[in-house]
Amino acid sequence: MKSKKNTVQLAEPKPVEESTIHTQMQELYLQIKKLETKLNKMTFYDELTLLPNLKSFKKELTFALINAERSRKKLAVVKIGLDRFKIVNDTLGILNGDALLKEVAVRLQSLGSNSKALSRMNGDEFLIFIEDARNEQDITNFCKEIMGLFKLPFYIDNNELFVSVSIGVSVYPFAGHNVLGLIKTADIAMCRVKEEGKNNFKIYNGMLNKFTGHQLTFENELRHALKRKEFSLVYQPQWSIKTKQLIGIEALIRWNHPHLGLISPSDFIPLAEKLGIIFSVGEWVLEEACKQNKRWQDASFPPLRCSVNISIAQLLHSDFPKIVSNILNRTQLNPKFLELEITESIAIVKEGYILKVLNRFKEMGISIALDDFGTGYSSLKYLSQFPIKRLKIDQTFLHEKSIINESIIRAIITMGHSMNLSVLAEGVENKEQLGFLESEGCDEIQGYYFSKPLPPKEVETLIQYYSPLAKGVE
């Protein structure tokens, strides 16, 4: 008997409806598009600020340069760098530094149509390009618009931060003919702004490289300038608004270079800091200023206070209070005629140690002034804790006339007086500025309206005729 074989009957496949295939294709397409979008963001956008990144900027600038060449129009590349950003990271932490960068990105995006080309380059640096930059005035106005975004403080983790920016600009075709060339020259201009004191802008020209080709020689000459007695001091007179009398002077260093002539401190002080010789240079300035002030007093000129700028390197040096004391002993200058000027950025570094050092100076009878007030990473707690006697309003608030700047000046004066501090405005250049400060109750001024910085002999004439006779200082 034959056995039956088991057979398996395969079911015929059901036909797939065309609508189902179409739906599956759509879903697959959407997944691919999502992946493409994600990859595009990873490639062309900054993860932290969500702005386009450097790669995206170069791509867009390449197309813009092609259009500029065809139309024979100018194009400007603008590089923006935050000033002293490292201090925020070092003192408040990287997370708060990142939070600040996000807020900066938001403000820069408020530039409107120009912000479409805004990109984050790296760290605390941003890039923008302007198509059809008609003239230098257009570029200047745009840079001022950027700087205006940073007049108001940022609030990060309950910290009030005033952040300034340094801006460098390169213009096609004068400062470069390709993407890399324009970015490089914009960077050179920005670095020059930082060297000259930050919080400003500069349009690149070939003169910005005047020291670049001889950098090593220039550095070597700076190292030997002190030994060769090439430094000198000039003195910026300070005046009482109420009495119109000379009540103080600020000592300012100059470098008399044997070949290049008189060099401004903005051209060599940043380099001195980089080379690590700022401490010895600063010590020379302090001693020379004290010597000169004592010479005037010994010659029977009415006594004045003399202000000397102090760098962070000096203030953080463990022997600095002792060095200041020794200088006063050697020169026999009464400490009440010496004022040390610090900046807000110094105040945020090693707060506890700085407070201890400043209190030591107060015990010695030396007064402390807070310079460039309103432009650094300021906080009211520094004014309440530190033994500050005088606030110096930064000159940028006076030079850039606006309702906001006038309000800031007014607020600083009111706040200073409420804390029993004297307030001095820097950079006064005309009668209108003087009138505004006088109406707001500012105490003191310095600037070219009354006098430029002067050599010692010319200061003597002013002391004779404009100082309060033998009444000391406030």
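Anything mentioned here points back to the structure above.
Fair warning: this is a prediction, and the values are worked out from it, not measured in the lab.

Draft legend 1. Here's a closer look at the state of the cysteines. Applying the stated criterion to the full structure yields zero disulfides. C306 supplies the cysteine sulfur nearest to C290, a cysteine that is in no disulfide, at a spacing of 6.9 Å.

Draft legend 2. Summary view of the environment of K151. Checked against the element boundaries, K151 lands in the loop between α5 (136–148) and β4 (154–156). For the pair K151 and F162, spaced 11 residues apart in sequence, the C-alpha separation works out to 7.5 Å. Those residues within four positions of K151 in sequence are excluded, and the remaining contacts are F162, T396, F397, E400, I404, N405 and I408.

Draft legend 3. Looking closely at the packing of helix α11 (residues 320–331) against helix α13 (residues 351–364). Relative orientation of the contacting elements α11 and α13 amounts to 20°, with a least axis distance of 10 Å. By the criterion of interaxial angle, the relationship of α11 to α13 is roughly parallel. α13 is crossed by α11, and the crossing has right-handed handedness. Residues F320, P321, V324, S325 and L328 of α11 lie in contact with α13, whose contacting residues are V357, R360, F361 and M364. Per-class residue counts for the contact of α11 with α13 are seven nonpolar, one polar and one charged.

Draft legend 4. View of the nonpolar core. By size, the foremost hydrophobic cluster in this structure holds 77 residues, and its most contacted members are L338, F361 and L437. Counting residues per element, this core draws most heavily on helix α9 (residues 278–298), at eight residues. Beyond its immediate sequence surroundings of up to four residues, L437 is in contact with I241, L398, I409, A425, V428, C442 and I445. L51, V104, I139 and V169 belong to the second-largest nonpolar core, a separate cluster that totals 35 residues.

Draft legend 5. Highlighting the pairing of strand β7 (residues 200–203). Where burial is concerned, the two faces of β7 differ: the one with F201 and I203 is buried and the one with N200 and K202 is not. Of the strand pairs in this sheet, strand β6 (residues 165–172) and β7 are connected by four bridges, and their pairing is parallel. Bridging across to β7, V169 finds its partner in I203. Tracing the backbone out of β6, into helix α6 (residues 179–195) and back to the parallel element β7 gives a crossover that is left-handed.

Cut-off values and rules
- Residues numbered from 1 in each chain as written.
- Predicted model: local features only at pLDDT ≥ 70, side-chain atom pairs only at ≥ 80, totals over all residues.
- Heavy atoms only, no water.
- Disulfide = S-S within 2.5 Å.
- Helix = DSSP H or I, 4+ residues; strand = E, 2+ residues; numbered from the N terminus.
- Contact = heavy atoms within 4.5 Å.
- Axes fitted to C-alpha atoms, helices over the stretch in contact; angles between N-to-C directions.
- Parallel < 35°, antiparallel > 145°, perpendicular 65-115°, else oblique.
- Left-handed = near helix turned anticlockwise from the far one by under 90°.
- Nonpolar A, V, L, I, M, F, W, Y, C, P; charged D, E, K, R; others polar.
- Core = buried A, V, L, I, M, F, W, Y, C linked by side-chain atoms within 4.5 Å.
- Buried < 20%, exposed > 50% of the residue type's maximum accessible area, 1.4 Å probe, protein only.
- Pairing = 2+ DSSP bridges.
- Right-handed = clockwise from strand over helix to strand, strands pointing away.

Scope: geometric values only; no functional claims are made or implied.
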